[in-house]
Amino acid sequence: MKDKTIDYLLRTTWLAVNKMYNEEAAKFDTTMATGFTLLSIDPENGTPSTSLGPIMGMEATSLSRILKKMDELGLIERKPNPEDGRGVLIYLTDFGREKREYSRERVLTFNNTIKKHVSEEKLKHFQEVTNTINELISNKKIYNQKEHILK
């Protein structure tokens, strides 16, 4: 692994995690994307549809497809936002809450297993590194630097 690039390590690790979660989700007739969405919706107060994408780091078109499927499956319901007549709040149905709990259990199992095998110090460093990567990307400090422009 010493010669692998950082993006390679992130990508292959994420693909493995994604595959693992999708295999687990399939046991409950769902997908990782649906589980992630269920976990991102406030189970008590609902979540404005416009803020769900940014919370999840997803584009609106991808999220729209997921929400449409979740609506068809009876996992969510959409209600007008009483504070913004143009907006919609996404609420979990009882069935959605049940599936959310399955997703939550799987995420906690993953996290607890990693914590048993990786020291607290290493996890802290991992979080610091991923936070730095995200900051550099969101502040456009990787490819928007003049010295990195290819001629």
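Given the structure is predicted, the values throughout are model-derived calculations rather than measurements.

Participant: A description of the pattern of salt bridges should follow, citing residues and the corresponding values.
Facilitator: Evaluated as defined, the whole model comprises 11 salt bridges. Put simply, K68 and E72 hold a salt bridge, and the shortest N to O gap is 4.0 Å. Of this pair, K68 and E72 both sit in helix α4 (residues 60-72), 4 residues apart, roughly one helical turn. Considered together, K68 and E72 belong to a single accessibility category, that of exposed residues. A salt bridge links D84 to R86; the shortest N-O distance between them is 3.4 Å.

Participant: Describe the layout of surface pockets, and please don't skip the residues or the numbers.
Facilitator: The calculated volume of the largest pocket comes to roughly 1500 Å³. Together, 38 residues line the largest pocket, and W14, V17, F110, N111 and F126 are the ones closest to its centre. For the lining of the largest pocket, the class distribution of residues is 23 nonpolar, 10 polar and 5 charged. Taken as a whole, the second largest pocket holds about 170 Å³ of empty space. Around the second largest pocket, the lining residues are I6, D7, L10, I133, L136, I137 and I142. Of all the secondary structure elements, the ones that give two or more residues to the lining of the second largest pocket are α1 (6-26) and α6 (120-138). Looking at the lining of the second largest pocket residue by residue, the classes come out as 6 nonpolar, no polar and 1 charged.

Participant: Could you give me a rundown of the environment of K116, with the residues and numbers involved?
Facilitator: Following the sequence through the fold, K116 ends up in helix α5 (residues 94-117). Residue K116 is classed as exposed on the basis of its relative accessible area, which comes to 71%. It is 34 Å that separates the C-alpha atoms of K116 and N45, two residues lying 71 residues apart in sequence.

Participant: I'd like to hear about the sheet that holds strand β1 (residues 47-48), residue by residue, with values.
Facilitator: Hydrogen bonds between backbone groups are what pair the strands of a sheet, and the pairing can be parallel or antiparallel. Pairing is antiparallel across the open sheet formed by 3 strands, whose spatial order is β1-β3-β2. Both edges of this open sheet fall to β1 and β2 (76-81), since each of them pairs with a single strand only. Alignment of β2 against strand β3 (residues 84-92), held across 6 bridges, turns out to be antiparallel. Among the inter-strand pairings, K79 is bridged to a residue of β3, identified as L89.

Participant: Quick rundown of the environment of V88? Include the residues and the values.
Facilitator: Relative to the helices and strands, V88 is located in strand β3. As a C-alpha pair, V88 and T50 span 38 residues in sequence and 7.9 Å in three-dimensional space. Apart from residues no more than four positions distant in its own chain, V88 is found in contact with T47, P48, S49, R78, K79 and N81.

Participant: Go over the side chain of N81, please, and point to the residues and values.
Facilitator: Mapped onto the secondary structure, N81 falls in strand β2. Its relative accessible area of 14% is what places N81 among the buried residues. Among the polar contacts made by the side chain of N81, one reaches the main-chain amide nitrogen of E83 at a distance of 2.9 Å. Excluding residues within four positions of it along the chain, N81 makes contact with G87, V88 and L89.

Participant: Give a description of the packing of aromatic side chains that names residues and reports values.
Facilitator: This model, assessed by the stated rule, comprises 2 aromatic pairs. Seen from their ring centres, Y21 and F110 are 5.7 Å apart, and the 55 degrees between their planes marks the pair as tilted. Taken together, the positions of Y21 in helix α1 and F110 in helix α5 put the pair 89 residues apart, joining distant regions of the chain. Given a relative accessible area of 15%, Y21 falls into the buried group. Taken together, a centroid distance of 4.5 Å and an interplanar angle of 25 degrees make the contact between F28 and Y102 stacked. Taken together, the residues F28 in the loop between α1 and α2 (32-40) and Y102 in helix α5 connect sequence positions 74 residues apart.

Parameters and conventions
Residues numbered from 1 in each chain as written. Predicted model: local features only at pLDDT ≥ 70, side-chain atom pairs only at ≥ 80, totals over all residues. Heavy atoms only, no water. Salt bridge = Lys/Arg side-chain N within 4 Å of Asp/Glu carboxyl O. Helix = DSSP H or I, 4+ residues; strand = E, 2+ residues; numbered from the N terminus. Buried < 20%, exposed > 50% of the residue type's maximum accessible area, 1.4 Å probe, protein only. 1 Å grid on protein atoms, 1.4 Å probe; cavity = no way out; pocket = protein on both sides within 12 Å on 5 of 7 lines; lining within 4 Å. Points joined across faces, edges and corners; volume = space filled by probe spheres on them. Nonpolar A, V, L, I, M, F, W, Y, C, P; charged D, E, K, R; others polar. Pairing = 2+ DSSP bridges. Contact = heavy atoms within 4.5 Å. Polar contact = N/O pair within 3.5 Å; in protein donor to acceptor, adjacent residues only side chain to side chain. Phe/Tyr/Trp six-rings, centres within 6.5 Å; stacked < 30°, edge-to-face > 60°.

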